[in-house]
Amino acid sequence: FFQDGIAIMFSHLLLTTGKAVSYEFCEVLLTYLMEEIGTLGEYEKETSSPLSEPLHQSPQPNELLRSNEMANSSAKEQLSPSSVLIPSKRARNLSKIFGLAFSSLLKYPRNEVAFLPNLQTLVKECVQRSTEGPKIWPGPYLNTL
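This report concerns the structure included in the present document. (Residues numbered from 1 in each chain as written. Predicted model: local features only at pLDDT ≥ 70, side-chain atom pairs only at ≥ 80, totals over all residues. Heavy atoms only, no water.)

The subject of this paragraph is the packing of helix α2 (residues 19–35) against helix α6 (residues 112–130). One can describe the packing of α2 onto α6 by two numbers: an axis separation of 9 Å at closest approach and a directional angle of 15 degrees. As judged from the angle between their axes, α2 and α6 are roughly parallel. Here α2 and α6 pass one another in a crossing that is left-handed. Residues Tyr23, Cys26, Glu27, Leu30 and Met34 of α2 form the contact with α6, whose own contacting residues are Val113, Ala114, Phe115, Asn118, Thr121 and Leu122. Per-class residue counts for the contact of α2 with α6 are eight nonpolar, two polar and one charged. (Axes fitted to C-alpha atoms, helices over the stretch in contact; angles between N-to-C directions. Helix = DSSP H or I, 4+ residues; strand = E, 2+ residues; numbered from the N terminus. Parallel < 35°, antiparallel > 145°, perpendicular 65-115°, else oblique. Left-handed = near helix turned anticlockwise from the far one by under 90°. Contact = heavy atoms within 4.5 Å. Nonpolar A, V, L, I, M, F, W, Y, C, P; charged D, E, K, R; others polar.)

Of all hydrophobic cores here, the largest spans 22 residues; its most connected members are Leu15, Leu30, Leu33 and Ile37. When contributions to this core are tallied by element, the ones reaching two or more residues are α1 (5–16), α2, α5 (89–107) and α6. When residues of this core are assigned to their parent elements, the largest contribution, seven residues, is made by α2. (Core = buried A, V, L, I, M, F, W, Y, C linked by side-chain atoms within 4.5 Å. Buried < 20%, exposed > 50% of the residue type's maximum accessible area, 1.4 Å probe, protein only.)

Another aspect to go through is a nonpolar patch on the surface. On the surface, a cluster of nonpolar side chains totalling about 420 Å² of accessible area is made up of Leu116, Leu119, Val123, Val127 and Leu145. Mapped onto the secondary structure, Val127 falls in helix α6. With a relative accessible area of 44%, Val127 lands in the partly exposed category. (Patch = residues over 30% accessible without salt bridge, like charges linked within 9 Å, V, L, I, M, F, W, Y side chains within 5 Å. Areas by Shrake-Rupley, 256 points an atom, 1.4 Å probe, with all protein chains shown as cover. Salt bridge = Lys/Arg side-chain N within 4 Å of Asp/Glu carboxyl O.)

Right, let's get into α1. Its twelve residues place the ends of α1 17 Å apart at the C-alpha level, agreeing with the 16 Å of an ideal helix rising 1.5 Å per residue. Within the sequence span of α1, burial applies to Ala7, Ile8, Ser11, Leu14, Leu15 and Thr16. Close packing links the buried residues of α1 with α2 and α5. (Expected span 1.5 Å × (residues − 1).)

So, in structure tokens, the structure goes:
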């Protein structure tokens, strides 16, 4: 679902174009996003410097890492000083979808009702998971908050 930009465009259209559709879609989308919140902490391990590649190209991942796996000392030792961690494509797309859901609140305040049942869990999970994994500031979980 989140592999293509079409999913982001589709989500944007449903969240921002129709008052009747936006609330229901936001409610379903938030349920899914809360189930998948752990994937915000997925990283790709890249061995080259990000400055050596053009910004418009996606880096090729050598290895997919979750932030809770990075908390283990053995996973931290696998990263050389020259390696750079970047969020995986899935994590970047989930982050964009979270942003779209939050931005729908500006246009349709009724969507706030969809956030209320998930708000406490969202804050708790983001704060807890932001302290795990590699030391990347501000981290995808803090960006979501």
